Amino acid sequence: MSAHREDTVRRVSALDITQRKGKTPIVCLTAYTAPIAEILDEHCDVLLVGDSVGMVIHGLPNTVGVTLEMMILHGQAVMRGSKKALVVIDMPFGSYEGGHEIAYANATRLMKETGAQAVKVEAGPTVAPVIEYLVQRGIPVMSHVGLLPQAVLADGGFRAKGKDAEERRRILEDARASEAAGAFAVVIEGVAEGLAREITDAIGVPTIGIGASAGCDGQVLVVDDMLGLFDWTPKFVRRYADLRTEIARAAERYAEDVKARRFPGPAEIYFAKKAG
Ligand code: KIV
């Protein structure tokens, strides 16, 4: 047996993504389950197992309650469903802010137990040294600046960032510090017009925007938002499907058929073998 297993399809690597700076825009969506990952894989460069999983799949009010175990389970599912895309897993709130070694232990656990090739952290001012520590030990890190969902309790809600000069300066600084620490790409979320372009021009690694304008090197959306699974979506989301309506219609038709004994029909039942 060969020492190296040859996969038929080579996955996109973190380095491939870094090399896309200023080239064809990077396509990224979140994914949390194997069947959705399987559908998205062909169309995406990056599948992000976002901690948004807590809100969109588990019904939590924000991402603060998401655990490492939840990220591992969903990361494993997305890895099973995909072959080609780079899979990046969010480090949940509390798993990297408490010290370099804690962050390293949790990041390696995420990677070993899922097989994913990279992690993402929300890069407030204190996080750049953590990124550097992880990168120097062989862990590809994607950074996230601007609106930081894990800081929602401190911020008093989800609100667009970079509306005043001081906040813009700090976000630009977070992005620069992320690059200097070795992040292979930077997600920019929910920033006022113009800032994403300024950051994209200022740093040498790709920026991936969400609610951050087309001035980024790529885009990411929460897949459930773009599929129309919620009755409300943020301003920056474009809905490419209306699955909420489709699912409600399907459930309504199913309920009608069950109540009218139209389901199951002859084609949907098993018959015993004829004797003799
Ligand atoms: O958790 C997530 O889905 C994210 C995206 C919003 C980028 O971090």
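That block above? That's the structure.
Residues numbered from 1 in each chain as written. Predicted model: local features only at pLDDT ≥ 70, side-chain atom pairs only at ≥ 80, totals over all residues. Heavy atoms only, no water.

A. Geometry of the pattern of salt bridges. Overall, the coordinates contain 14 salt bridges when judged by the stated rule. Put simply, Asp90 and Lys120 hold a salt bridge, and the shortest N to O gap is 2.7 Å. Of the two residues, Asp90 is situated in strand β3 (residues 86-90) and Lys120 in strand β4 (residues 118-122); the sequence distance between them amounts to 30 residues. Per residue, the accessibility class of Asp90 equals that of Lys120, and both read buried. Arg168 serves as the salt-bridge partner of Glu198, at 3.9 Å between the closest nitrogen and oxygen. Residue Glu198 is located in helix α9 (residues 195-202), and its partner Arg168 is located in helix α8 (residues 165-181); the two are separated by 30 residues in the primary sequence. Classification of Arg168 by relative accessible area gives partly exposed; the value is 25%. In this structure, a network of salt bridges that share partners links the residues Glu69, Arg109 and Glu113. (Salt bridge = Lys/Arg side-chain N within 4 Å of Asp/Glu carboxyl O. Helix = DSSP H or I, 4+ residues; strand = E, 2+ residues; numbered from the N terminus. Buried < 20%, exposed > 50% of the residue type's maximum accessible area, 1.4 Å probe, protein only.)

B. Quick look at the site of the ligand. The local shell around the ligand consists of Thr30, Leu48, Gly50, Asp51, Ser52, Asp90, Lys120, His144, Val187, Glu189, Ile210 and Val222. For the ligand, an oxygen atom lies 3.0 Å from a polar atom in the side chain of Asp51. In this structure, Asp90 approaches the ligand through a side-chain N or O atom, which is 3.1 Å from an oxygen atom. Using a 2 Å cut-off from the grid points, one finds that the ligand occupies the largest pocket. Partitioned by chemical class, the residues of the shell around the ligand number four nonpolar, four polar and four charged. (Near = heavy atom within 4 Å. Polar contact = N/O pair within 3.5 Å; in protein donor to acceptor, adjacent residues only side chain to side chain. 1 Å grid on protein atoms, 1.4 Å probe; cavity = no way out; pocket = protein on both sides within 12 Å on 5 of 7 lines; lining within 4 Å. Sits in = over half its atoms within 2 Å of the grid points. Nonpolar A, V, L, I, M, F, W, Y, C, P; charged D, E, K, R; others polar.)

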